Amino acid sequence: MNLKKAKEDAIHFIFLILGLIAVGSVLVITVYLVISGLPAIREIGLTEFLFGQRWASTAAQPEYGILPFILTSIYGTAGAIIIGVPIGFFAAVYLAKMAPKKVCAFMQLCIGVLAGIPSVVYGLVGMLILVPGIMRIFDVPDGASLLAAIVVLAVMILPSVINVSLTSLQSVPMEYEEASLALGATSTETYFKVTVPAAKSGIFTAIVLGIGRAIGEAMAVMMVAGNVANMPSLFQSVRFLTTAVASEMSYSSGLQRQALFSIALVLFFFIMLINATLLVIKKRSQSV
Amino acid sequence: MIQQLSTSRKIWGACMKALCYISIAIVTVLTLFMLLYVFYKGLPEVTWELISTSPSYLRHTIGILPDIMNTIYVVIATLVMVLPIGVGAAIYLTEYAKNRKVVELIEFAAETLSGIPSIIYGLVGMLVFCQFMGLQTSLLAGSMTLVIMNLPTILRTTQEALKTVPQSYREGAFALGAGKWRVIRTVVLPGCINGIVTGCILAVGRILGESAALLFTTGFAHNLNGFIEGLQSSGATLTVALYVYAKEQGEFEVAYAIAAILMILTIIINIATTYMGKLMERRNGQ
């Protein structure tokens, strides 16, 4: 009997360990990023690092200011949200409320495919269609620009924006809509003035998730944004926080390499901020 | 009953409806464009020679067989490692855990993991697995990075599936005198196998599409190796190969060919997840 209990306890313990691996991974990632990211910040100086406007890591007199990357990441993400969220939102309202069943099933397949396309494929198509297209339409010398990155990011966040909004729209109780219809509102008015406000927290979650996805995307952006460390401007070649890390990692050394880890730390900080926001939304919607 | 709506209400309603139709049209056109364009450009380039040979500098030919094999190795290695961890963690959360705090901690960790961008996984993977653990840039190091990345996926899908196993099954088994482990092994796990399979399919999809996390952990060699040897050496997966061919070597034909292959895999995985979802719904409905 005792032996059996010991065995059960041992199995319990094994499962506990397996469960704690996720916690351990988060800790390891955080600790490693902080440890490898701090030395360069200390050496360069926090304000100089965060607010320096010039990044010239390979120059004779290297300068490590990452303000261009931070601003590019913020502008790029904001642009993607401004384009992607309205499209995703209206598409979700259509799918949740107006679409016939067959259309809904077909679109769900479409969105699934859109979500599953690897980011390098988006990058490839962006690089060979979008970049030359921007060059021709806007008559600029090089189409690899912030604008190209914004468009690609907007497309990439669409599936998650649609899916999350859709789920929250579908979970709004029928009674709300019925009450609104009974009071004489048209069906469209009901969808936008009753259902959408009721699904507010879910739609907000969708936006925040979109921000997270856009700010963390590296490969597709790397292929279309041109990768020059300029201050952000719509038609100029720019570098994001993610691409700054990715593009110099393979040949970096010394302080330059440490500075790349510091950039990753800054990116990680942004992501944690987004995660915290998501948590707050979730807590608030549960308490209501 | 004739409703008289004011003009402004009519216009507002029509505008909103129009915006909905325009948005859904944009999404549809985008998807179809991506699919058709990549197939149009890529499928003609997918030749038997391309997918069955290694690149040769002597003959100036490019073959992607090593990249295909590397992708398969990475998928297998990652699944073998992530399945026990993810399923085990889910079992702990739903079957064993009594302490609310521990459950919240693990769920919070999983959520945090799923929010971390792949480039950060790649960086930490490089520091921890390649350098600290001395694995060098190898498929094994890449797989271990992907294990952490896919852990939340497997954990969540398994957890959802475990919740659908009726409590009465467990109680029945306990009443017959079975121990906890035995109940889990013989009653709970078989009941949630669909959820685990769905998790696996989702994870495979994510592994196939991943590139940023693998760039610094698996490297980009194109050598044809066996499984064990392959895990220990550096090698490009299909996505990394696509990136290298497109961005660094300007071989757009090969890049499109790889893109077309990846698209086909994406569609297959999508259909498989939809099918598994329907299967689970049907079973839960019973």
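Just so it is clear, the model here is predicted, and its values are computed rather than measured.

### Side note on the overall build of chain A
Across its full length, chain A carries 12 helices and two strands. If you list the helices and strands of chain A from N to C, you get α-α-β-β-α-α-α-α-α-α-α-α-α-α. Each of the three principal axes of chain A carries a C-alpha extent, and together these read 80 × 75 × 30 Å. The proportion of buried residues among the 288 residues of chain A is 54%. Residue pairs at least 24 apart in sequence account for 71% of intrachain contacts in chain A once pairs closer than 6 positions are excluded.

### Overview of unusual backbone geometry
Backbone geometry places Asp139 of chain A, a non-glycine residue, at a positive phi of 55°. Considering the arrangement of structural elements, one finds Asp139 of chain A in the loop between α5 (119-137) and α6 (146-170). Here Gln136 of chain B, not a glycine, exhibits a phi torsion of approximately 60°, which is positive.

### Section: the domain arrangement of chain A
Residue and element names in this part refer to chain A. You can read the domains of chain A as domain 1 (2-51) and domain 2 (67-287). Computed over C-alpha atoms, the centres of domain 1 and domain 2 are 29 Å apart. Contacts between domain 1 and domain 2 engage 15 residues on the former and 12 residues on the latter. In this assembly, domain 1 packs against domain 2 so that about 1,100 Å² is buried in total across both faces, 79% of it on carbon and sulfur atoms. Taken together, domain 1 and domain 2 are joined by zero salt bridges. Residue assignment for the side of domain 1 that touches domain 2 shows that the elements contributing at least two residues are α1 (2-44) and α2 (46-51). Ranked by residue count, the leading element in the side of domain 1 that touches domain 2 is α1, at 12 residues.

### Examining the domain arrangement of chain B
Accessible area lost on assembly of the parts is the figure often given for the size of an interface. Residues and elements named next belong to chain B. When the domains of chain B are assigned, the result is domain 1 (7-45) and domain 2 (50-285). The C-alpha centroid of domain 2 is placed 32 Å from the C-alpha centroid of domain 1. Contact residues are listed per partner, giving nine residues for domain 1 and nine residues for domain 2. A combined buried area of about 780 Å² lies between domain 1 and domain 2, and 85% of that area is made up of carbon and sulfur atoms. Area buried by domain 1 at its contact with domain 2 is led by Val38, Phe39 and Glu45, which between them contribute 56% of it. For the pair domain 1 and domain 2, the number of links is one residue pair in polar contact (both at pLDDT 80 or more). Residue classes in the side of domain 1 that touches domain 2 are distributed as six nonpolar, one polar and two charged.

Reading guide: rules and limits
- Residues numbered from 1 in each chain as written.
- Chains lettered and ligands numbered in written order.
- Predicted model: local features only at pLDDT ≥ 70, side-chain atom pairs only at ≥ 80, totals over all residues.
- Heavy atoms only, no water.
- Helix = DSSP H or I, 4+ residues; strand = E, 2+ residues; numbered from the N terminus.
- Buried < 20%, exposed > 50% of the residue type's maximum accessible area, 1.4 Å probe, protein only.
- Contact = heavy atoms within 4.5 Å.
- Domains from an automatic or database assignment.
- Buried area = accessible area lost by both parts, 1.4 Å probe.
- Salt bridge = Lys/Arg side-chain N within 4 Å of Asp/Glu carboxyl O.
- Polar contact = N/O pair within 3.5 Å; in protein donor to acceptor, adjacent residues only side chain to side chain.
- Nonpolar A, V, L, I, M, F, W, Y, C, P; charged D, E, K, R; others polar.

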